[in-house]
Amino acid sequence: MKISTSIAVAALSVVPLFCNATCLGGVDLNGSWEFRFEEGKSAEEAFVADFVATDTMIVPGCFDMMPKWLMKKGTGLYRRVFELDRDVSAAWLIIDGVGLRAKFKIDGREIGVDEFPWSRVELATGPLKAGRHIIEAAVDNRIDIRTNRLFFPRYDFYSFGGFFHGLSLSFDNRILRVRTRDFEKGLVEIEAVNFSKTHFDATIVFDGVNKVDATFKAGRATVRVPKCKLWSPDSPNLHTVVVDGCAARFGVRDIRVDGTHILLNGKRLILKGVNRHESHPDQGAATSEELMLRDIQLLKSIGGNFIRGAHYPQAQRFLDLCDENGILVWEESLGWGNLATQMDREVRDPIFRKLQVEQTRLMVRNSFNHPSVIFFGFLNECQSSEEDVKSLVEELAAVIRAEDSGRLVTFAVNRLPNGEVGQEEDISAGCCDVISFNTYPGWIDRSDGPGDKESLARLIKSGPYGVDTIVACFERRYPGKPILIAEMGTCGLYGKRDPAGGAWSEEFQAEYFDDVLSAALSNTRLSGVTLWQFCDARSYHRRGPVRVKPLSTNLAGLFDGYRRPKLAVEVVRRHFKGK
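Residues numbered from 1 in each chain as written. Predicted model: local features only at pLDDT ≥ 70, side-chain atom pairs only at ≥ 80, totals over all residues. Heavy atoms only, no water.

**Q** Help me understand the overall build of the protein chain, please; the structure alone is not making it clear to me.
**A** On a plain count of helices and strands, the protein chain comes out with nine helices and 37 strands. Compactness check: the protein chain gives a C-alpha radius of gyration of 24 Å against a globular reference of 25 Å for 579 residues, within 12% of the reference. Along the first, second and third principal axes, the C-alpha atoms of the protein chain reach 75 × 60 × 45 Å. Out of the 579 residues in the protein chain, the part that is buried amounts to 60%. When contacts within the protein chain are restricted to residue pairs at least 6 apart in sequence, long-range pairs at least 24 apart make up 71% of them. Total accessible area computed for the protein chain in this model is approximately 22,200 Å², and 50% of it derives from carbon and sulfur atoms. (Helix = DSSP H or I, 4+ residues; strand = E, 2+ residues; numbered from the N terminus. Rg over C-alpha atoms; globule rule 2.2 N^0.38 Å. Buried < 20%, exposed > 50% of the residue type's maximum accessible area, 1.4 Å probe, protein only. Contact = heavy atoms within 4.5 Å. Areas by Shrake-Rupley, 256 points an atom, 1.4 Å probe, with all protein chains shown as cover.)

Dropping the structure here:
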């Protein structure tokens, strides 16, 4: 996490109608903005000079969750005024997640485009004079591959529009990246990025009081953390570090593989987790900090220790809370079922490939200091049977490793690595540190359905797409690597009770999760299971390329969208907390 520096170079003074918060070394731009919605129009079509505002919109927030523009597609135009009490030589606009694409102007001058949905992005504004300034934004939530090459119509989650976690101006883009070099000795390497010098002497201050003198060479210095305490789920100890007024928070911990095991601080790790979409029936993707913490506490209450952030980069504040509460995280860049068999689109599109590389590198750099993040991934359920996809998978894995962040590389595969079952063979997972797979036997597969109770249990454990079958399949193709279930689950409609356990009932979902966890936790070759999913989340609205979902929602949540528990919650708690 980057903590605001102590350099206070400007103060915020805002005209009435707008919020009046001040942050050290920058300007908080959250609160009320002037707003106008242009239905069906792109950002380029809608972003005209001197647009007439007709409404107010809150930042952060999803405009397509508001009653007036509910589920509408188009461009939201935003405008507000801020004032600086002195000149600044440079500034950066911080966009902490946007859906799906945004253009920005300051004082009528275009400063850039954010093409990375959900990502934290910085845009340089150049120098700003003291006095009054106008900032404008055009946010386009349409799914249109002519302007947005990262989100496609068949993605099984909703494309919310708006600013998810706020906007701010920063007047200092220096950051510190902290790498654990020896967790047993408390040895870390501190990299000073965007500092004026790369070779310099400095007094490093840890935890506000402990000082260490160090010499930075090529922007890096290796030191021992005074009074070091390791970070783990059971003891989520965090440290702070300050170099020349630039601060960061970090945790000392080590994640690695040892043969078929995942080790955290030298001890074998078993992951018991859920997939979580950033989604709420009222808030959309602009989930509040209170809701984030509620989700973490609910997961811990059922014995979970792991969240896969499906299927896009996570909010930095959410990762802060995972750091503080001892939750392990798999973070992945935006992608879903991407194909190589459609020419000039997706994996064979050079623009798509370029954006995948850029957003993946950005994800790693944004989340560098979060000890909770142990995996970085990408391209969920891509067409991993194709050479073009394999080359992109290997490129993205190399991008992650080049940052030397100390994380493991994985991605979720839904194609088996041999021809015994199905027609497409995975050829791409071999470059991963951990093999992860998605499977839905008796629910989404080529079977006739779950059958009776005994048939469902058999399908889940040893059927063609069952746990034991897939584990054995990947072990033969990629021997000696940890294996993880990345997705497995089924839908249950909240409040739908059926003693006969009919499909979509809470009883059926509870039975399914019972079978999944019985099979997964008894397979000693597995390093864990990540259930699909934590809570119900909005998906296709009224129409979709594959199917229309009931209530336009993926209903596989252990909790519904409002976090009300289904029957499956107690089943999962029993397994996760059991021996």
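Still more to cover.
**Q** In this structure, what is going on with the confidence of the model for the protein chain? I would like to understand it.
**A** In low-pLDDT segments, the atomic positions of the prediction should not be examined closely. Taken residue by residue, the protein chain gives an average pLDDT of 92. The fraction at 70 or more is 94%. Contacts for the low-pLDDT stretch residues 1-24, under 50 throughout, to residues beyond four places or in other chains number 74 contacts. (pLDDT = per-residue confidence, 0-100.)

**Q** Sorry, what's going on with unusual backbone geometry here?
**A** Most peptide bonds adopt trans geometry, and most residues besides glycine take a negative phi value. In this chain, V59 is followed by P60 through a cis amide linkage whose omega measures 0 degrees. One can find P60 in the loop between β6 (55-59) and β7 (61-62). G99 connects to L100 through a cis peptide bond whose omega is -5 degrees. Although it is not a glycine, W118 sits at a positive phi angle of roughly 75 degrees. Here W118 falls in the buried class, since its relative accessible area comes to 4%. Non-glycine residue L379 carries a positive phi angle of around 50 degrees. Along the chain, L379 falls in the loop between β30 (373-377) and α5 (387-402).

**Q** What's the story with the state of the cysteines in this structure? I'm lost.
**A** Covalent bonding between the sulfur atoms of two cysteines defines a disulfide. The final tally for this structure, using the stated rule, is zero disulfides. The closest cysteine sulfur to the non-disulfide-bonded C431 is located on C432, 4.4 Å from its own sulfur. (Disulfide = S-S within 2.5 Å.)

**Q** So what exactly am I meant to see when it comes to helix α9 (residues 568-577) here?
**A** Given 3.6 residues to a turn, an α-helix orients residues that are three or four positions apart in the same direction. If you check which residues of α9 are buried, you get A568, V569, V571, V572, H575 and F576. The buried residues of α9 occupy an angular sector of 160 degrees when projected down its axis, which confines them to one face. Contacts from the buried residues of α9 go to β27 (271-276), α8 (506-522) and β35 (526-531). (Arc of directions from axis to C-beta.)

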